[in-house]
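Residue strings, one per chain:
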Amino acid sequence: MIFMTENKENDMEWENDELKATVPFSAAGISSTIVLYSKFTGKMMLLDAGDGTTRDLLDIYGNRIVNEIDVIAFSHGHFDHMGGLYTLLGYMRMMGRTLPLNILIPKGCKEVEEIVTFFRSNYRESLPFDIWYHELFDGSGFDTDFFKTRAFEVKHYGLENITEDDIFMPALGYRIRIGQSIVAYSGDTRHCDSLEAGVRGADIAIIEATHLEMPETKRRVHLCLEEAEKVGKLAKAYMLIHRIPNYE
Ligand SMILES: [Zn+2]
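Residues numbered from 1 in each chain as written. Predicted model: local features only at pLDDT ≥ 70, side-chain atom pairs only at ≥ 80, totals over all residues. Heavy atoms only, no water.

Remarks on the overall build of the protein chain
Part 1 of the argument: Looking only at helices and strands, one finds 7 helices and 14 strands in the protein chain.
Part 2 of the argument: The globule rule puts the C-alpha radius of gyration for 248 residues at 18 Å, and the 17 Å found for the protein chain is close to it.
Part 3 of the argument: Look at the contacts in the protein chain between residues 6 or more apart in sequence, and 62% of them connect residues 24 or more apart.
Part 4 of the argument: Charge separation in the protein chain, taken as the distance between the mean sites of 26 positive and 39 negative side-chain charges, equals 4 Å. (Helix = DSSP H or I, 4+ residues; strand = E, 2+ residues; numbered from the N terminus. Rg over C-alpha atoms; globule rule 2.2 N^0.38 Å. Contact = heavy atoms within 4.5 Å. Lys, Arg positive; Asp, Glu negative; His and termini not counted. Charge placed at Lys NZ, Arg CZ, Asp CG, Glu CD.)

Quick notes on the coordination of the zinc ion
Part 1 of the argument: Distances from the zinc ion to its protein donors, His76 (NE2), His78 (ND1), His156 (NE2) and Asp188 (OD), fall within 2.2 to 2.4 Å.
Part 2 of the argument: Coordination at the zinc ion is irregular: its 4 donor atoms span angles of 91 to 173° at the metal.
Part 3 of the argument: All donors to the zinc ion come from one chain, and their sequence spacing reads H-x1-H-x77-H-x31-D. Of this pair, histidine 78 sits in the loop between β6 (69-73) and α3 (79-82) while aspartate 188 sits in the loop between β12 (181-185) and α6 (193-199), and the two are 110 residues apart along the sequence.
Part 4 of the argument: Judged by relative accessible area, histidine 78 falls into the buried class, the value being 16%. (Donors = N, O, S within 2.8 Å, 3.2 Å for Na, K, Ca; no water. Tetrahedral: all angles 85-135°; square planar, octahedral: opposite > 155°, others 65-115°. Buried < 20%, exposed > 50% of the residue type's maximum accessible area, 1.4 Å probe, protein only.)

A few points about the layout of surface pockets
Part 1 of the argument: The computed volume of the largest pocket comes to approximately 280 Å³.
Part 2 of the argument: In terms of lining, the largest pocket is formed by 15 residues, of which the most central are His78, Tyr157, Gly158, Leu159 and His222.
Part 3 of the argument: Here the lining of the largest pocket is composed, by residue class, of 5 nonpolar, 6 polar and 4 charged. (1 Å grid on protein atoms, 1.4 Å probe; cavity = no way out; pocket = protein on both sides within 12 Å on 5 of 7 lines; lining within 4 Å. Points joined across faces, edges and corners; volume = space filled by probe spheres on them. Nonpolar A, V, L, I, M, F, W, Y, C, P; charged D, E, K, R; others polar.)

Quick word on the packing of aromatic side chains
In this description, an aromatic ring pair is defined by two values, namely the gap between the centres and the angle between the planes.
Part 1 of the argument: Enumeration according to the criterion identifies 5 aromatic pairs in this entry.
Part 2 of the argument: Ring plane angle 80° and centroid distance 5.5 Å describe the contact between tyrosine 86 and phenylalanine 119, whose orientation is recorded as edge-to-face. Here the residue tyrosine 86 occupies a position in helix α4 (residues 85-94), and phenylalanine 119 occupies one in helix α5 (residues 110-122), the gap between them amounting to 33 residues.
Part 3 of the argument: For phenylalanine 119, a relative accessible area of 1% corresponds to the buried category. (Phe/Tyr/Trp six-rings, centres within 6.5 Å; stacked < 30°, edge-to-face > 60°.)

Quick word on the packing of α4 against α5
Part 1 of the argument: Packing of α4 against α5 leaves a shortest axis separation of 10 Å and a crossing angle of 25°. With respect to α5, the element α4 is oriented roughly parallel. Judged by the sense of rotation from one axis to the other, the crossing of α4 with α5 is right-handed. Across from Leu85, Tyr86, Leu89, Gly90 and Arg93 in α4, the residues of α5 making contact are Val112, Ile115, Val116, Phe118 and Phe119.
Part 2 of the argument: In terms of residue class, the contact of α4 with α5 is built from 8 nonpolar, 1 polar and 1 charged. (Axes fitted to C-alpha atoms, helices over the stretch in contact; angles between N-to-C directions. Parallel < 35°, antiparallel > 145°, perpendicular 65-115°, else oblique. Left-handed = near helix turned anticlockwise from the far one by under 90°.)

This is the structure in structure tokens:
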């Protein structure tokens, strides 16, 4: 069992023969990005793309990101998970990406959908690559030649939901197969059965652990450390991300 609980501002990494999972940055309310790198094909998949994604990925992979990012899966539309998409698309356009880009979103995730549709229509004449977005829901999937993705529903809400009623936003976790390896990603969620099912048996689970201790409220938006560790242990190894940063 490998587990990592630190959330420093530098990389967290996990790897096996087939893939390397890197978390260049993840902090609740600021930004989260995960890169899955397929060692045999050189292709990359992003799980969320918060602020600073382009900068952080360039530091690690250089301009390979222009064409080798095959698919980006967004867990939900909160800014700290998708705020870097516009910059990344702009960088790919400027550098002349040629391969189509697949973007996976929870069905009804307006925040990402509108950036994609704006970008496509605004730069129609000068966009050298296709951007395709695919709306996923609980149990649906999307496969490219390199990444086989299945979505599972999670339970998350934010400032737009002001009551304690269960009005959840479109939010998904993902289970991705790369070769024979399985990666599970929680997205943002409070504890739910579908999360456990989505994580169970994965080679590496990447789990949000926003709260050190669960706040005294019924309105549970996130996992706490103890819950995240418990879920993580359903996988063969896990990383805990998306902690609340300690800025004075
Ligand atoms: Zn969120």
